[in-house]
Amino acid sequence: MNFFNRMKDSISSAGTGVSQKVSYTTDTVKLYNQIRGNEKEIEKLIYQIGQKCVHLHLNDTDSEYEELFKQIRQYQEANYAHRAEIQRLGEELKIQEQMRQQELKEKQERREQEQQADMQKQLDETTKLCKSCNQRSDLDAKFCVFCGEPFGTNSTE
């Protein structure tokens, strides 16, 4: 029985040690997570302070941060120029698109005119025009099918 008591004590002691290590690990992980969260909040606050400082002192020429402010102003000027270039490119693209649309419209109109001319030519080749009523009849017709006028010297072939 003494053997079992020693084994029980040994297992109990080992279990207590494991439990203490788990507790320690859990507590330290929680604390490290809190530290990490606090550091992120500190970074946010520093960023906000920096923004306010720049906003208030950007144009101060006697500031100890003048070199940094000068670089900020240079980047701002470059961004302004880039935005102007973007706007110019957009306007240029708009003009080019309008010109392209106009060209497409003109091409379509020319195609339609060519189609109408082809249809008129085809009509002229397959029919004749009555001078009396301006209606068309088949080429081999002897009389206008609309008004009965005989074709001959009055017809256009």
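Residues numbered from 1 in each chain as written. Predicted model: local features only at pLDDT ≥ 70, side-chain atom pairs only at ≥ 80, totals over all residues. Heavy atoms only, no water.

Moving on to the overall build of the protein. Across its full length, the protein holds two helices and two strands. For the protein, the α and β elements follow one another from N to C terminus as α-α-β-β. In terms of C-alpha radius of gyration, the protein reaches 47 Å, well past the compact-globule figure of 15 Å for 157 residues. Principal axes of the C-alpha set define a box for the protein whose edges measure 140 × 75 × 20 Å. Within the protein, the fraction of its 157 residues that count as buried is 8%. Sequence separation of 24 or more characterises 12% of the internal contacts of the protein that already satisfy a separation of 6 or more. Distance from the positive charge centre (23 side chains) to the negative charge centre (27 side chains) of the protein: 9 Å. (Helix = DSSP H or I, 4+ residues; strand = E, 2+ residues; numbered from the N terminus. Rg over C-alpha atoms; globule rule 2.2 N^0.38 Å. Buried < 20%, exposed > 50% of the residue type's maximum accessible area, 1.4 Å probe, protein only. Contact = heavy atoms within 4.5 Å. Lys, Arg positive; Asp, Glu negative; His and termini not counted. Charge placed at Lys NZ, Arg CZ, Asp CG, Glu CD.)

Right, let's get into the state of the cysteines. Throughout the structure, instances matching the rule amount to zero disulfides. Note on C133: no disulfide assigned, nearest cysteine sulfur contributed by C144 at a separation of 3.5 Å. (Disulfide = S-S within 2.5 Å.)

The backbone of N134 sits at a positive phi, close to 60°, despite the residue not being glycine. Along the chain, N134 turns up in the loop between β1 (127-129) and β2 (136-138). Overall, the relative accessible area of 56% leaves N134 in the exposed class.

Among the surface-exposed residues, E103, E106, E109 and E112 lie close enough to one another that they form a single negatively charged patch. Among the structural elements, E106 can be located in helix α2 (residues 66-126). Residue E106 is classed as partly exposed on the basis of its relative accessible area of 34%. (Patch = residues over 30% accessible without salt bridge, like charges linked within 9 Å, V, L, I, M, F, W, Y side chains within 5 Å. Areas by Shrake-Rupley, 256 points an atom, 1.4 Å probe, with all protein chains shown as cover. Salt bridge = Lys/Arg side-chain N within 4 Å of Asp/Glu carboxyl O.)

This brings us to the packing of aromatic side chains. One pass over the structure, following the stated rule, counts one aromatic pair. Pairing Y65 with F69 gives two aromatic rings, centres 6.3 Å apart and planes at 65°, and the pair type is edge-to-face. You can call F69 buried: its relative accessible area is 3%. (Phe/Tyr/Trp six-rings, centres within 6.5 Å; stacked < 30°, edge-to-face > 60°.)

What follows is about the confidence of the model for the protein. For the protein, mean pLDDT is 90; residues scoring 70 or higher make up 97% of the total. Across the protein, element-level confidence peaks in α2 with a mean pLDDT of 94 and bottoms out in helix α1 (residues 2-57) with 89. (pLDDT = per-residue confidence, 0-100.)

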